[in-house]
Amino acid sequence: MEAQHTIRLWGRISSLNVRKAVWAAQELGLDFQRTDAGAGFGITTTAEYQLKNPNALVPLLEIGDFVLWESNAIVRYLCARYGAERNFYPAELEPRFHAERWMDWQQTTFNRAGGPAFIQLVRTAVEARNADAIQQSVTATEPLLALLDKHLEQHAYMGGETFGMADIPLGCEMHRWWGMRTAQFDAYGVTRQELQTFPNVQRWFGQLQQRPASCGVLDVTLS
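Below or above, wherever it landed, is the structure these notes cover. Every value quoted in this text rests on a predicted model; they were computed, and no experiment measured them.

Conventions adopted
Note that residues are indexed from 1 along each chain, following the sequence as it is written. Residues qualify for local features only when their pLDDT is at least 70, as the model is predicted, and side-chain atom pairs are given and counted only at 80 or more; totals for whole chains, interfaces and linings, by contrast, use all residues. Remark: hydrogens and water are excluded; side-chain values derive from all non-hydrogen atoms of the structure. Strands are runs of DSSP state E lasting at least two residues, helices are runs of H or I lasting at least four, and both sets are numbered from the N terminus onward. The quantity called the radius of gyration is restricted to C-alpha atoms. Its globule counterpart is 2.2 Å times the number of residues to the power 0.38. Remark: exposure states derive from per-residue accessible area (1.4 Å probe, protein chains only) relative to the maximum for the residue type, with buried under 20%, exposed over 50%, and partly exposed in between. In this analysis, strands are considered paired if DSSP registers two or more bridges between them. Convention adopted: a line fitted to C-alpha atoms gives each axis, helices being fitted over their contacting stretch, and angles between N-to-C directions are expressed from 0 to 180 degrees. Here, two residues are considered to be in contact whenever any of their heavy atoms come within 4.5 Å of each other.

## With respect to the overall build of the protein chain
Across its full length, the protein chain carries eight helices and four strands. For the protein chain, whose C-alpha radius of gyration is 18 Å, the value lies close to the compact-globule estimate of 17 Å for 223 residues. Dimensions of the protein chain, computed from C-alpha atoms along their principal axes, come out at roughly 60 × 45 × 25 Å. For the protein chain, buried positions account for 48% of its 223 residues.

## Examining the environment of Leu-61
Mapped onto the fold, Leu-61 is located in strand E3 (residues 60–63). Counting along the chain gives 87 residues from Leu-61 to Leu-148, while the straight-line C-alpha distance between them is 29 Å.

## Observations regarding the sheet that holds strand E1 (residues 7–10)
Pairing is mixed across the open sheet formed by four strands, whose spatial order is E2-E1-E3-E4. Edge strands, defined here as strands with exactly one partner in the open sheet, are strand E2 (32–35) and strand E4 (66–69). Sheet twist, expressed as the average angle between the axes of neighbouring strands with direction ignored, equals 20 degrees. Of the pairings in the sheet, the one linking E1 to E3 comprises four bridges and is antiparallel in character. Its bridge partner lying in E3, Leu-9 is registered against Leu-61. Contacts from helix H1 (residues 16–27) reach E1 and E2, with the element oriented near 165 degrees to E2.

Below, the structure written as structure tokens:
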């Protein structure tokens, strides 16, 4: 029988990457403790924390003596360890790596394209914002939304016909993107496609918002 250990997550909920880990834990019905860390909360700059995560970033997962950092790795681990019965972490190799691919795409492609607009519109003072940087970010992101929409035309969720681990990081990314792209974009004269251009993405994201475990994740105000 597996020993029971306290599941502890370090990181502030304003972090997209922390929200991924929190959502995964909530989907799996885990009893966990979250401690605010990073940015104004500090902690990540301490020697004690950096022994656990030398990157001095969040999130950080601790279960007994086991320590893990990197948000998507944490999502994978939680789903593999606690979500086998629900197939969140597919047992078969092909479906598993199909989901893994989309999780990597979120970090290496989607996040890099959309990140500059988020930094400008949410974390930069109004007088210091760069409209060109915002437009470039939008221009880079919208072809990716088209790619996502085409995939979701054929699939209910990122990994197939049922919810799985790949939906968590992509859902958090979409929450951030759509959360900043209404009046804020208009205020800077940014040319963009309307949300209706991506009906399958809208349908999928709406499904995610209806999941009870997404509360406190997909409904938080961006900051």
